[in-house]
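Spelled out from the first residue to the last, the chains are:
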Amino acid sequence: MILFTVVSLSPGVRHAHRPDPLAVLRGWPYAPPMRLVVNGEERQVGSNTTIGELLASLGLTDTLVAVERNEEVIPRAQHANTRLAEGDRIEVVHFVGGG
C-alpha cells in the first residue's frame, strides 16, 4: 500500500507527496506534533519521538551530554528507548573541559 498526503506549500496550491517512512513510524505527519520545551525554547517533534531521536535532530549524537526530562536525569543507556510526551521539559547539558 502506498500512502500519499496532500500538503500546502503556498496558499491555495496543494501538492501530493509520499511521506518520509521514518516520519510515518513516529506518527508524523498523521498524528499531531508534540510540543516540548528544550533548554527553555518551545519545539515541536513527531509523536513517539525518543530522547535519542531528539538528540540526533539537534546534532548531538556524538557529543557527551546529560539529559534531564521533567527534572529527572535520564541515563544515556535509556536515551534510545525513552519516549517523549506532550509538554515535557528537556534540558540538555554539554560537558566542557577546562582547568
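From a predicted model like this one, the values you see are computed outputs, not experimental measurements.

Engineer: Talk me through the overall build of the chain; I want residue IDs and the actual numbers.
Structural biologist: Looking only at helices and strands, one finds 2 helices and 7 strands in the chain. Taken from N to C terminus, the helices and strands of the chain fall in the order β-β-α-β-β-α-β-β-β. Counting only residues that meet the buried cut, the chain has 26% of its 99 residues in that class. Summing over all exposed atoms, the chain offers an accessible surface of approximately 7,000 Å²; the carbon and sulfur share of this is 54%.

Engineer: Describe the pattern of salt bridges, and please don't skip the residues or the numbers.
Structural biologist: In this structure the tally under the stated criterion is 1 salt bridge. For Arg69, the salt bridge identified is with Asp88, shortest N-O distance 2.8 Å. One end of the pair, Arg69, is in strand S5 (residues 65–69); the other, Asp88, is in the loop between strand S6 (72–74) and strand S7 (89–94), and 19 residues separate them in sequence. On the basis of relative accessible area, Asp88 is assigned to the buried category, the value being 4%.

Engineer: So what's going on with the environment of Asn70? Which residues, and what values?
Structural biologist: Secondary-structure assignment places Asn70 in the loop between S5 and S6. Placed 33 residues apart in sequence, Asn70 and Val37 show a C-alpha to C-alpha distance of 9.8 Å. Asn70 has contacts with Gly87, Asp88 and Arg89, leaving out every residue within four places of it along the chain.

Engineer: I'd love a proper account of the nonpolar core, names of residues and values included.
Structural biologist: Within the largest apolar cluster, 14 residues are counted, with the highest numbers of intra-cluster contacts made by Ile51, Leu54, Leu55, Val67, Leu84, Ile90 and Val92. Only strand S3 (34–38), helix H2 (51–57), S5 and S7 provide two or more residues apiece to this core.

Engineer: Please provide a residue-by-residue account of unusual backbone geometry, values included.
Structural biologist: With a phi angle near 50°, Asn39 is a residue other than glycine that sits in the positive phi range. By the element assignment, Asn39 lies in the loop between S3 and strand S4 (41–45). With phi around 50°, Asn70 is a residue other than glycine that occupies positive phi space.

Engineer: Can you break down the sheet that holds S3 residue by residue, with the values?
Structural biologist: Here 5 strands make up an open sheet; going across it, the order is S4-S3-S7-S5-S6 and the pairing mixed. Lying at the two open borders of the sheet, with one neighbouring strand each, are S4 and S6. Pairwise comparison of adjacent strand axes, ignoring direction, gives a mean angle of 35° for this sheet. Summarising the sheet, S3 and S4 pair through 5 bridges and their orientation is antiparallel.

How each quantity is defined
- Residues numbered from 1 in each chain as written.
- Predicted model: local features only at pLDDT ≥ 70, side-chain atom pairs only at ≥ 80, totals over all residues.
- Heavy atoms only, no water.
- Helix = DSSP H or I, 4+ residues; strand = E, 2+ residues; numbered from the N terminus.
- Buried < 20%, exposed > 50% of the residue type's maximum accessible area, 1.4 Å probe, protein only.
- Areas by Shrake-Rupley, 256 points an atom, 1.4 Å probe, with all protein chains shown as cover.
- Salt bridge = Lys/Arg side-chain N within 4 Å of Asp/Glu carboxyl O.
- Contact = heavy atoms within 4.5 Å.
- Core = buried A, V, L, I, M, F, W, Y, C linked by side-chain atoms within 4.5 Å.
- Pairing = 2+ DSSP bridges.
- Axes fitted to C-alpha atoms, helices over the stretch in contact; angles between N-to-C directions.

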